[in-house]
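# Coordinates in review
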Amino acid sequence: EDQVTQSPEALRLQEGESSSLNCSYTVSGLRGLFWYRQDPGKGPEFLFTLYSAGEEKEKERLKATLTKKESFLHITAPKPEDSATYLCAVQAAIKAAGNKLTFGGGTRVLVKP
Amino acid sequence: DAGVIQSPRHEVTEMGQEVTLRCKPISGHDYLFWYRQTMMRGLELLIYFNNNVPIDDSGMPEDRFSAKMPNASFSTLKIQPSEPRDSAVYFCASSSFWTGTTIDEQYFGPGTRLTVT
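To start, this report covers the structure provided alongside it. Just so it is clear, the structure is predicted and the values come from calculations on it, not from any experiment.

We now examine the sheet that holds strand 3 (residues 19-24) of chain B. Across a sheet, strands are paired by hydrogen bonds formed along the backbone, either parallel or antiparallel in direction. Residues and elements named next belong to chain B. Spatial strand order, 1-3-8-7: 4 strands in an open sheet with antiparallel pairing. The strands lining the two open edges of the sheet, one partner per strand, are strand 1 (5-7) and strand 7 (65-71). Within the sheet, the average angular offset between the axes of one strand and its neighbour, ignoring direction, is 15°. As paired strands, strand 7 and strand 8 (residues 74-79) are joined by 5 bridges and run antiparallel to one another. Of the residues in strand 8, the one forming a bridge with S66 is K78.

In this section: the interface of chain A and chain B. Listed by partner, the interface residues are 19 residues for chain A and 21 residues for chain B. Summed over both partners, the interface of chain A with chain B buries about 1,600 Å², with 58% contributed by carbon and sulfur atoms. Between chain A and chain B we count 1 salt bridge in total. Across the pair K100 of chain A and D56 of chain B runs a salt bridge whose closest N-O atoms are separated by 3.2 Å. Put simply, chain A and chain B have 3 residue pairs in polar contact (both at pLDDT 80 or more) between them. Looking at the side of chain A that touches chain B, the elements with two or more residues in it are strand 4 (30-38) and strand 9 (84-92) of chain A. The element contributing the most residues to the side of chain A that touches chain B is strand 4 of chain A, with 5 residues. Counted by class, the side of chain A that touches chain B contains 9 nonpolar, 7 polar and 3 charged residues.

Cut-off values and rules
- Residues numbered from 1 in each chain as written.
- Chains lettered and ligands numbered in written order.
- Predicted model: local features only at pLDDT ≥ 70, side-chain atom pairs only at ≥ 80, totals over all residues.
- Heavy atoms only, no water.
- Pairing = 2+ DSSP bridges.
- Helix = DSSP H or I, 4+ residues; strand = E, 2+ residues; numbered from the N terminus.
- Axes fitted to C-alpha atoms, helices over the stretch in contact; angles between N-to-C directions.
- Contact = heavy atoms within 4.5 Å.
- Buried area = accessible area lost by both parts, 1.4 Å probe.
- Salt bridge = Lys/Arg side-chain N within 4 Å of Asp/Glu carboxyl O.
- Polar contact = N/O pair within 3.5 Å; in protein donor to acceptor, adjacent residues only side chain to side chain.
- Nonpolar A, V, L, I, M, F, W, Y, C, P; charged D, E, K, R; others polar.

Okay, structure coming up:
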């Protein structure tokens with residue numbers, strides 16, 4: 001069974017204080033790993049897809065990296081508007097998995113001015 | 001595009017009542033997903049459709065839950081009878097076809113917050 005574990009559960013940062021979120025996964029062959037951002041009262045919003053170990057993607061102050069066992073979401077010099085819950089999800093490469101995503105529990109990030 | 005549309009946004013009902021949640025996916029998307037989100041269990045996939053056909057309903061918790069997709073622009077998730085433990089936020093998401101080289105991301109709706117008293 002595919003499993004995704006995110007840590008820490010919550011993170012409080014001062015504005016400008018860089019940090020990293022971890023996503024550890026177990027999957028029967030990885031087709032893709034996804035990062036989403038979720039604001040309170042809203043649906044998850046897509047950020048990145050990573051496909052293979054060593055791949056990196058960046059968007060503004062966010063950078064996602066991938067190894068064979070985990071992914072990191074680095075937040076560089078965060079601003080209060082980066083406060084949100086960040087969700088990690090995996091999609092398995094086996095045919096039976098179809099287009100299913102398995103999500104982690106998320107990391108709640110609060111950036112204080 | 002208006003994105004994925006869900007209705008109602010909030011639903012409060014009494015135990016034993018029937019609840020119907022509605023979803024309109026993004027036009028042109030081939031896949032539609034229903035998720036449930038709770039503090040305890042996080043975001044869980046309930047069922048998904050491809051070209052209006054249910055592909056995997058292994059996440060549907062019980063026979064009380066059913067989902068339909070009569071056409072490409074509309075889907076429903078029904079709970080009958082509802083129970084307090086069904087209280088959660090239910091999300092609908094849609095995506096287009098996977099090309100074989102890249103995966104098209106899922107676009108989520110705003111969710112329906114269901115409270116069963």
